[in-house]
Amino acid sequence: VSVKFGYGYAFRLPTIAEQFADDVYTHGNTDLSPETSRSLNGTLSFLSRNRRVRSSATVFHQTVDSLIQYQYDGVIYRSVPHNVDEFRTTGIDLSIDFQPLDRLWLAWSGVIQKAEQTRQGDGEYISAFYVPEIKWRLDVDTKLERQVDLNLNVTFTSDRNIVLPVGM
């Protein structure tokens, strides 16, 4: 069993494309501010003595100031990057790897989170755009005789909130 705690601070400048793009689909925005992000997390991990079971759970909270996000502009018919006031997400990330037989491995991982953001300087939090609340993946791997590997992957992503401009 192991326990880890972490804190991170990151800074990201707007890209040249985000500032100056001028193509069929996007238009740049020279008024973008840098993004700053802070995250706090704690992880509890377990590894069995025979190494056939491994699991972890990570609880996290992240905030991003001045998040850069593309929004469709119905006047110019292109997506334009804008800073939203703040983005925050809190959740748990889980995983378990299990080897029930010498030639069979099972792995499941998933995240459950609540992501929110403000919009257009109003200070009121709404569900974050494009961020799913639940996402998980299941992998089954086996190795047959004669070095034949078989793999099955199943992935689920919950609905995402997609926002269109007012009046569309």
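Calculation rules
- Residues numbered from 1 in each chain as written.
- Predicted model: local features only at pLDDT ≥ 70, side-chain atom pairs only at ≥ 80, totals over all residues.
- Heavy atoms only, no water.
- Helix = DSSP H or I, 4+ residues; strand = E, 2+ residues; numbered from the N terminus.
- Buried < 20%, exposed > 50% of the residue type's maximum accessible area, 1.4 Å probe, protein only.
- Contact = heavy atoms within 4.5 Å.
- Pairing = 2+ DSSP bridges.
- Polar contact = N/O pair within 3.5 Å; in protein donor to acceptor, adjacent residues only side chain to side chain.
- Salt bridge = Lys/Arg side-chain N within 4 Å of Asp/Glu carboxyl O.

Draft legend 1. Local environment of the environment of Arg137. Relative to the assigned elements, Arg137 resides in strand E7 (residues 134–144). A relative accessible area of 37% means that Arg137 is categorised as partly exposed. Arg137 sits 26 residues away from Val111 along the chain, and the two C-alpha atoms are 9.5 Å apart. When residues no more than four places from it in sequence are discounted, the contact partners of Arg137 are Ala107, Trp108, Ser109, Asn153, Val154 and Thr155.

Draft legend 2. Representation of the pairing of strand E3 (residues 53–73) in the model. The pairing of strand E2 (residues 35–47) with E3 spans twelve bridges and is antiparallel. Along E3, the bridge assignment pairs Asn41 with Phe60. In this structure, the hairpin formed by E2 and E3 is closed by a connection of five residues, where Arg51 is found at a positive phi of approximately 65°. Pairing of E3 with strand E4 (residues 78–101), which is carried by 20 bridges, proceeds in the antiparallel orientation. The residue bridging Val53 from the neighbouring strand is Phe98, located in E4. With antiparallel pairing between neighbouring strands as the criterion, E3 and E4 make up a hairpin whose turn holds four residues, including Tyr77 at a positive phi of roughly 60°.

Draft legend 3. Highlighting unusual backbone geometry. The backbone of Tyr77 shows a phi angle near 60°, a positive value even though the residue is not glycine. Locating Tyr77 in the fold gives a position in the loop between E3 and E4. Positive phi values are uncommon outside glycine, yet Tyr130 reaches one of about 65°.

Draft legend 4. Representation of the side chain of Gln69. Tracing the backbone shows Gln69 in strand E3. Here Gln117 takes part through its side chain, which lies 3.1 Å from a polar atom of the side chain of Gln69. With sequence-adjacent residues up to four places away left out, Gln69 is seen in contact with Val80, Pro81, His82, Val84, Gln117, Phe129 and Tyr130.

Draft legend 5. Fine view of the pattern of salt bridges. This model, assessed by the stated rule, comprises eight salt bridges. The partner of Glu35 in a salt bridge is Arg12, and the shortest N-O contact between them spans 2.9 Å. Here Glu35 is found in strand E2, whereas its partner Arg12 is found in strand E1 (residues 2–12), with 23 residues between them in sequence. Of the charged contacts, one joins Arg52 and Asp102 as a salt bridge, the two residues approaching to 2.5 Å between their closest N and O atoms. Here Asp102 lies in the loop between E4 and strand E5 (104–117) and Arg52 lies in the loop between E2 and E3, a separation of 50 residues in the sequence. Judged by its relative accessible area of 25%, Arg52 is partly exposed. Residue Asp102 is classed as exposed on the basis of its relative accessible area, which comes to 56%. A cluster of three or more residues bridged by salt bridges with shared partners is formed by Arg12, Glu18 and Glu35.

Draft legend 6. The side chain of Thr63, seen in detail. The residue Thr63 is located in strand E3 in this model. Setting aside its immediate chain neighbours within four residues, Thr63 contacts Thr36, Ser37, Arg38, Glu86, Phe87 and Arg88.

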